[in-house]
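Given next are the chains, with one letter for each unit.
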Amino acid sequence: MNSKERFLAACFRKPYDRPPVWLMRQAGRYLPEYRLLRSRHDFIELCKNPELSVEATMQPLERFRLDAAIIFSDILFVPEAMGQTLTFNEGEGPRLSPVISSPDDLSGLKKPDVLAAFKFLSDAVTRARKKISPDIPLIGFVGGPYTLAKYMTRDNAKGWVRKHPEALKELLEKITDVLIDVVELQSRSGADVIQIFDTWAGELSDDDYKKFALPYVSKVIAEAKACEPFILYCRKCGHILEAMASSGAQVLSIDPETSIEDAIAIVGERVALQGNLDPKLLLTTPGFVKQETSRLLSKIGGRRGHIINLGHGILQTSLPECVEAMVDTVIHGGK
Ligand code: CP3
């Protein structure tokens with residue numbers, strides 16, 4: 001089985017020789033070659049120049065025997081295309097301006113021409129698909145509507161759940177419309193799988209998740225059905241797994257705090273799972289990584305449909321030799 005066959009078999013819960021493995025945020029500052037690239041170009045330039053984006057996409061594949069590539073980009077180019085200005089300042093994280101601070105600000109958001117605004121992304125996906133072996137699946141991605149609303153309101157989406165629920169729904173609708181087009185664009189350009197990073201939706205209660213996150217994620221998946229398989233990721237997802245299992249996604253990506261046995265019990269035969277090693281594991285030693293990766297593999301046992309990954313994005317202080325130990329342990333079936 002090649003990596004693409006194995007990855008798609010995992011997503012659709014078909015028989016496979018072993019679980020595939022990749023890492024969320026696998027291109028990044030823990031790699032010396034990425035730091036070198038970043039010393040010459042800022043992050044936004046890396047994403048928007050298709051040649052550089054493909055170079056960053058390929059870096060982890062050249063070092064590790066990963067079963068998937070993920071296009072090098074960011075979830076926040078969607079709010080940018082809707083009219084906010086995106087900046088990344090050293091040590092501060094991303095910032096969108098002007099902030100959406102009241103329902104009146106929604107009228108200032110535009111419906112972008114996705115083909116034009118995301119030409120950099122479709123070009124990067126097309127180039128990556130040509131350059132990377134056809135045996136390796138290429139993952140395209142978007143942020144989840146709720147997660148993007150949280151960044152667009154500068155961490156106030158949860159406040160809007162109580163204060164402006166109708167306006168929040170209007171914002172989520174606007175974001176969802178754009179996401180459908182951005183997913184379809186990546187799929188048409190060659191993405192084999194789509195991951196939706198609804199990273200922050202787990203901050204909602206189960207009830208609120210079903211009102212302010214799930215319907216919008218489900219709409220993206222239903223409207224862009226031709227782009228499946230979909231992987232849906234939320235941090236802190238234990239309490240919403242049941243709801244996530246009805247999103248239409250083929251795979252749910254689980255955080256390290258949720259026990260894999262509990263997750264399997266909740267989702268049953270409905271969906272495949274991805275995860276859920278603790279990113280901090282990669283700051284330890286190759287021996288310890290091997291032990292913990294083997295432990296995860298034995299918990300999964302013969303269950304069909306698992307993708308080995310971290311439970312959130314890799315930390316920039318991760319040791320490349322620990323990443324290698326994780327990948328090699330999966331390839332050698334835990335031995
Ligand atoms: O997985 C991959 O390798 C693909 C690339 C990818 C990036 N961001 C590159 C990136 C993906 C899938 C993302 C998703 C993303 N971006 C999320 C959801 C997943 C998650 O990890 O929570 C979120 C919330 C964002 C928004 C974002 N972009 C933040 C919060 C930050 C700052 C974090 C930091 O490490 O400084 C970014 C910047 C960013 N996106 C970097 C990378 C490699 C670091 C940029 C740098 O080199 O300075």
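Okay, so let's go over this structure. (Residues numbered from 1 in each chain as written. Predicted model: local features only at pLDDT ≥ 70, side-chain atom pairs only at ≥ 80, totals over all residues. Heavy atoms only, no water.)

With that out of the way, let us pick up the overall build of the protein. When helices and strands are counted, the protein shows 16 helices and nine strands. Radius of gyration (C-alpha) of the protein: 19 Å, near the 20 Å computed for a compact globule of 335 residues. In terms of its C-alpha atoms, the protein occupies a principal-axis envelope of roughly 60 × 45 × 35 Å. Counting only residues that meet the buried cut, the protein has 56% of its 335 residues in that class. For the protein, the share of sequence-separated contacts (at least 6 apart) that also reach a separation of at least 24 residues comes to 73%. Accessible surface, the protein as shown: approximately 13,600 Å² in total, 51% of it carbon and sulfur. (Helix = DSSP H or I, 4+ residues; strand = E, 2+ residues; numbered from the N terminus. Rg over C-alpha atoms; globule rule 2.2 N^0.38 Å. Buried < 20%, exposed > 50% of the residue type's maximum accessible area, 1.4 Å probe, protein only. Contact = heavy atoms within 4.5 Å. Areas by Shrake-Rupley, 256 points an atom, 1.4 Å probe, with all protein chains shown as cover.)

Right, let's get into the layout of surface pockets. A water-sized probe, rolled over the atoms, reveals where empty space remains. Here the largest pocket defines a volume of roughly 1,400 Å³. As for the largest pocket, its lining consists of 42 residues, and the residues nearest its centre are Arg-25, Arg-29, Phe-43, Asp-74 and Phe-88. Going through the elements one at a time, helix 2 (32–40), helix 3 (43–48), helix 4 (50–63), strand 2 (85–89), strand 3 (93–97) and helix 8 (145–152) are the ones with two or more residues in the lining of the largest pocket. For the lining of the largest pocket, the leading source of residues is strand 2, giving three residues. Grouping the amino acids of the lining of the largest pocket by side-chain chemistry returns 21 nonpolar, 13 polar and eight charged. (1 Å grid on protein atoms, 1.4 Å probe; cavity = no way out; pocket = protein on both sides within 12 Å on 5 of 7 lines; lining within 4 Å. Points joined across faces, edges and corners; volume = space filled by probe spheres on them. Nonpolar A, V, L, I, M, F, W, Y, C, P; charged D, E, K, R; others polar.)

What follows deals with the site of the ligand. The environment of the ligand is formed by 21 residues, the closest being Arg-25, Arg-29, Tyr-34, Arg-38 and Asp-74. Within the contact set of the ligand, an oxygen atom lies 2.6 Å away from a side-chain nitrogen or oxygen of Tyr-34. Within the contact set of the ligand, an oxygen atom lies 2.8 Å away from a side-chain nitrogen or oxygen of Arg-38. Considered on its own, the ligand offers 860 Å² of accessible surface; in the complex 86% of this is hidden by protein. Of the pockets mapped on this structure, the ligand occupies the largest pocket. Split into classes, the residues belonging to the shell around the ligand amount to 14 nonpolar, three polar and four charged. (Near = heavy atom within 4 Å. Polar contact = N/O pair within 3.5 Å; in protein donor to acceptor, adjacent residues only side chain to side chain. Sits in = over half its atoms within 2 Å of the grid points.)

So, about the pattern of salt bridges. Under the criterion given, the structure shown has 23 salt bridges. For Arg-13, the salt bridge identified is with Glu-269, shortest N-O distance 3.2 Å. Within this pair, whereas Arg-13 is found in the loop between helix 1 (3–11) and helix 2, its partner Glu-269 is found in the loop between helix 14 (260–267) and strand 8 (272–277), the two being separated by 256 residues in sequence. Residue class for Arg-13 comes out buried when judged on its relative accessible area of 15%. The residue Arg-65 makes a salt bridge to Asp-328 at a minimum N-O spacing of 3.9 Å. On the criterion of sequence distance, the pair formed by Arg-65 in the loop between helix 4 and strand 1 (69–70) and Asp-328 in helix 16 (residues 320–331) is long-range, its members being 263 residues apart. Members of the salt-bridge network, linked through shared partners, are Arg-6, Asp-17, Arg-18 and Asp-67. (Salt bridge = Lys/Arg side-chain N within 4 Å of Asp/Glu carboxyl O.)

Pairing is parallel in the open sheet, where seven strands are placed in the order 1-4-5-6-7-8-9. Sheet topology places strand 1 and strand 9 (306–310) at the edges, where each strand pairs with a single neighbour. Most of the contacts of helix 1 go to strand 9, to which it runs at about 100 degrees, and overall it touches strand 4 (138–143), strand 5 (193–197), strand 6 (230–233), strand 7 (251–253), strand 8 and strand 9. (Pairing = 2+ DSSP bridges. Axes fitted to C-alpha atoms, helices over the stretch in contact; angles between N-to-C directions.)

Counting 126 residues, the largest nonpolar core has Phe-118, Tyr-209 and Leu-252 as its most contacted members. In terms of residue count, the dominant contributor to this core is helix 10 (residues 165–189) (eleven residues). When neighbours within four sequence positions are excluded, Phe-118 is seen to be in contact with Phe-77, Val-78, Ala-81, Val-182 and Leu-185. (Core = buried A, V, L, I, M, F, W, Y, C linked by side-chain atoms within 4.5 Å.)

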